[in-house]
Amino acid sequence: MKIVLFGTGAIGSAVKDVLVEHGHAVVSIGRTSGDRQADMTDIASLTALFRDLGTFHAVASAAGEVSGAPLEKATDEQWAKSIAGKGMGQINLVRAALPYIADGGSFTLVSGVLTEEPIPGGSLGRTINNMVEGFVKGAATEMPRGCRINCISPTVLAESTHYLPYFVGYTPVPAREVALAYLRAIANPLNGRILKLHKTDS
Ligand SMILES: NC(=O)c1ccc[n+]([C@@H]2O[C@H](COP(=O)([O-])OP(=O)(O)OC[C@H]3O[C@@H](n4cnc5c(N)ncnc54)[C@H](OP(=O)(O)O)[C@@H]3O)[C@@H](O)[C@H]2O)c1
C-alpha cells in the first residue's frame, strides 16, 4: 500500500518504521521535514500535495499542535492555534484527500488520553481531542467508496520525555505499541473506531 503519513516526530517516525517493516511504501509529510512538505492548517497546500501524489491507499496523521495552558491563562492565540492545528488541521487532511484517495482507502487520525483523563492545564487538549474524535465518528458514517476512518488515542509516549513531567502517575506507552495500533487501523476493516492506548485501567 502507498501510505501518506503526516508527522515525522516521536509517533510519526515509529509509525513509518512499522509500516515499512510490513512492506508498505510511506510518503512522510511535515511543514519542513519529511519526503514532501505541506501544512495541515493550509488546505490549499494539502490539495496541491494530494493532487500531485498519484494513487495512494491510506492517509495517517501523527501531527497537529495543541497547547497546554491553565484555563484561566490560556490566550486567544493558544485556543485558535490549537483548534487550527490539531483540530481543523486533521479534518482538512481528510477533506483534501477524499477526492484523490483510492477506493476502499483509509484515514487514521490522532487524539490522545486527554480526551478522557485530566491533567492540570489539559482542558485545551481535551477539547481538541474530542473535536477530532467527534469528527471521526461522524465522518465514518459518510465515507464514500468503501473508505474508512479511525483514530488512535495514545497516552503519553515513553520516548516523549519532555511531556512526562505533565503526566504525573500516568504509565507511558512505547512508541512502537502506538505504531502497531496505526497498522491495525490501516490493515483491517475497522471504521469509526477510537483505538485507545491509555494504560489507565490499573
Ligand atoms: N508524544 C506524545 O506523548 C503524544 C501522546 C498522545 C497524543 N499525541 C499527539 O500525537 C501527535 C504527534 O505527536 P508527536 O509527539 O509525535 O509530535 P512531534 O514529535 O512534536 O512531531 C510533530 C510532527 O508533526 C508535524 N507537524 C506539526 N504541525 C504540522 C502542520 N501544521 N502541518 C504538517 N505537519 C505538521 C511536524 O513536522 P514539521 O515540524 O516539519 O512541520 C512533526 O514532524 C500530536 O497531535 C500529539 O498531540 C502525542
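The rules behind these values
- Residue numbers here run from 1 along each chain, matching the order of that chain's written sequence.
- Reporting of local features is limited, given that this is a predicted model, to residues whose pLDDT is at least 70; pairs of side-chain atoms are given and counted only at 80 or more, and all residues count toward the totals for whole chains, interfaces and linings.
- Computation of side-chain values covers all heavy atoms of the structure but excludes hydrogens and water.
- Where helices and strands are cited, they refer to DSSP runs of H or I of at least four residues and of E of at least two residues respectively, numbered from the N terminus.
- Here's how the labels work: a residue is buried when its accessible area is under 20% of the maximum for its type, exposed when over 50%, partly exposed in between, all with a 1.4 Å probe on protein chains only.
- We call two residues in contact whenever any of their non-hydrogen atoms come within 4.5 Å of each other.
- For accessible areas, the Shrake-Rupley method is used with a probe of radius 1.4 Å. Any residue's cover is judged against the shown protein chains and nothing else.
- The charge count treats Lys and Arg as positive and Asp and Glu as negative. His and the chain ends do not count.
- Think of each charge as sitting on NZ of Lys, CZ of Arg, CG of Asp or CD of Glu.
- The rule is short: rings of Phe, Tyr and Trp, with Trp giving its six-membered ring, pair when the centres are within 6.5 Å, and they are stacked under 30 degrees, edge-to-face over 60, tilted in between.
- Two strands make a pair as long as DSSP finds a minimum of two bridges between them.
- A right-handed crossover is one whose linking path, passing over the helix from the first strand to the second, runs clockwise when the strands point away from the viewer.
- Nearness here has a simple test: a residue counts as near a molecule or strand if at least one of its heavy atoms is within 4 Å of that partner.
- Distance and chemistry together define a polar contact, namely a pair of N or O atoms within 3.5 Å, with one atom able to donate a hydrogen and the other to accept it when in protein, and with adjacent residues in sequence counting only for side-chain atoms on both sides.
- When residue character is reported, Ala, Val, Leu, Ile, Met, Phe, Trp, Tyr, Cys and Pro are called nonpolar, Asp, Glu, Lys and Arg charged, and the others, Gly included, polar.

**Considering the overall build of the protein**
At step 1: Within the protein one finds five helices and seven strands.
At step 2: Within the span of the protein, comprising 202 residues, buried residues form 49% of the whole.
At step 3: Expressed as a percentage of contacts within the protein between residues at least 6 apart in sequence, the contacts between residues at least 24 apart total 66%.
At step 4: Surface summary for the protein: the accessible area is close to 9400 Å², and the carbon and sulfur share equals 54%.
At step 5: Separation of charge centres in the protein, based on 18 positive and 18 negative side chains, amounts to 4 Å.

**Overview of the packing of aromatic side chains**
At step 1: All told, the structure shown has three aromatic pairs when counted by the stated rule.
At step 2: With 6.1 Å between their ring centres and 50° between their planes, Phe6 and Phe50 make a pair best called tilted. On the criterion of sequence distance, the pair formed by Phe6 in strand E1 (residues 2-6) and Phe50 in helix H2 (residues 43-52) is long-range, its members being 44 residues apart. Here Phe6 and Phe50 have matching classes, each one buried.
At step 3: When the centroid spacing of 5.6 Å and the interplanar angle of 85° are considered together, the rings of Phe167 and Tyr170 count as edge-to-face. With respect to burial, Phe167 and Tyr170 carry one shared label: buried.

**A few points about the sheet that holds strand E3 (residues 36-37)**
At step 1: One open sheet accounts for seven strands, arranged E3-E2-E1-E4-E5-E6-E7; its pairing is parallel. A single partner strand is all that each edge strand has here, and the edge strands are E3 and strand E7 (194-197).
At step 2: In the sheet, strand E6 (residues 148-154) pairs with E7 via four bridges, with the strands oriented parallel. If you follow Ser153 over to E7, its bridge partner there is Lys196.

**Remarks on the pairing of E1**
At step 1: With four of five residues buried, E1 is to be regarded as a mostly interior element.
At step 2: One ladder, built from five bridges, connects E1 with strand E2 (residues 25-30); its direction is parallel. Of the residues in E2, the one forming a bridge with Lys2 is Ala25.
At step 3: Taken together, E1, helix H1 (residues 10-21) and E2 form a β-α-β motif whose crossover is right-handed.
At step 4: Across four bridges, the pairing between E1 and strand E4 (residues 58-61) is parallel. Within E4, the residue paired with Ile3 across the bridge is Ala58.

**Describing the site of the ligand**
At step 1: Close to the ligand lie 24 residues; Thr8, Arg31, Ser33, Lys86 and Leu157 are nearest.
At step 2: For the ligand, an oxygen atom lies 2.9 Å from a polar atom in the backbone of Ile11.
At step 3: Contact distances for the ligand include 2.9 Å between a nitrogen atom and a backbone N or O atom of Met40.
At step 4: Taken by itself the ligand offers 890 Å² of open surface, and the protein chains cover 83% of this.
At step 5: Its residues placed into classes, the shell around the ligand shows 11 nonpolar, 10 polar and three charged.

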